[in-house]
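What follows is each chain in one-letter form.
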Amino acid sequence: QVQLVESGGGLVQAGGSLRLSCAASGVIFSPNRMAWYRQVPGKQRELIATITSDDTANYADSVKGRFTISRDNAKNTIYLQMNSLTPEDTAVYYCNAYIILRKIDYWGQGTQVTVSS
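Notes on the structure follow.

The rules we used
Residues numbered from 1 in each chain as written. Predicted model: local features only at pLDDT ≥ 70, side-chain atom pairs only at ≥ 80, totals over all residues. Heavy atoms only, no water. 1 Å grid on protein atoms, 1.4 Å probe; cavity = no way out; pocket = protein on both sides within 12 Å on 5 of 7 lines; lining within 4 Å. Points joined across faces, edges and corners; volume = space filled by probe spheres on them. Nonpolar A, V, L, I, M, F, W, Y, C, P; charged D, E, K, R; others polar. Pairing = 2+ DSSP bridges. Helix = DSSP H or I, 4+ residues; strand = E, 2+ residues; numbered from the N terminus. Axes fitted to C-alpha atoms, helices over the stretch in contact; angles between N-to-C directions.

1. A short note on the layout of surface pockets
In this structure, the largest pocket encloses a volume near 160 Å³. Lining the largest pocket are 13 residues, and of these Ile28, Asn32, Arg71, Asn73 and Asn76 sit closest to its centre. Classifying every residue of the lining of the largest pocket gives five nonpolar, six polar and two charged.

2. Here we look at the sheet that holds strand E8 (residues 77–82)
Backbone-to-backbone hydrogen bonds join strands into a sheet, with any given pair of strands oriented parallel or antiparallel. An order of E1-E3-E8-E7 is seen for the four strands of this open sheet, with the pairing classed as antiparallel. This sheet does not close on itself; its edge strands, each paired only once, are strand E1 (3–7) and strand E7 (67–72). Each strand of the sheet is rotated relative to its neighbour by a mean of 15°, with strand direction disregarded. Sheet topology note: the strand E3 (residues 18–25)/E8 ladder contains six bridges and is antiparallel. If you follow cysteine 22 over to E8, its bridge partner there is isoleucine 78.

So, in structure tokens, the structure goes:
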């Protein structure tokens, strides 16, 4: 069983930076796709960044150029470096692991990011 635990959220001023971490326990089989989503109350969860087993990264237009997703396979951890934050980035951020051949999704519990103006 895979468990994902996010950390690194908090309160930051507009223009600031945060780095989120997502530590995975258990075996995450390859090929897989790791991702960060975010959700604002009353809105659908938004996919903002993905990274595959071969380190191919993709971003939503809303974060492209400001956010960077990365992974450290030795530590079973993925990261989301968030720069130039704006109040519109305020949300609960969720880590996701998708095991491609098994078509199984795992989710973390979420971490709150609040950006003040």
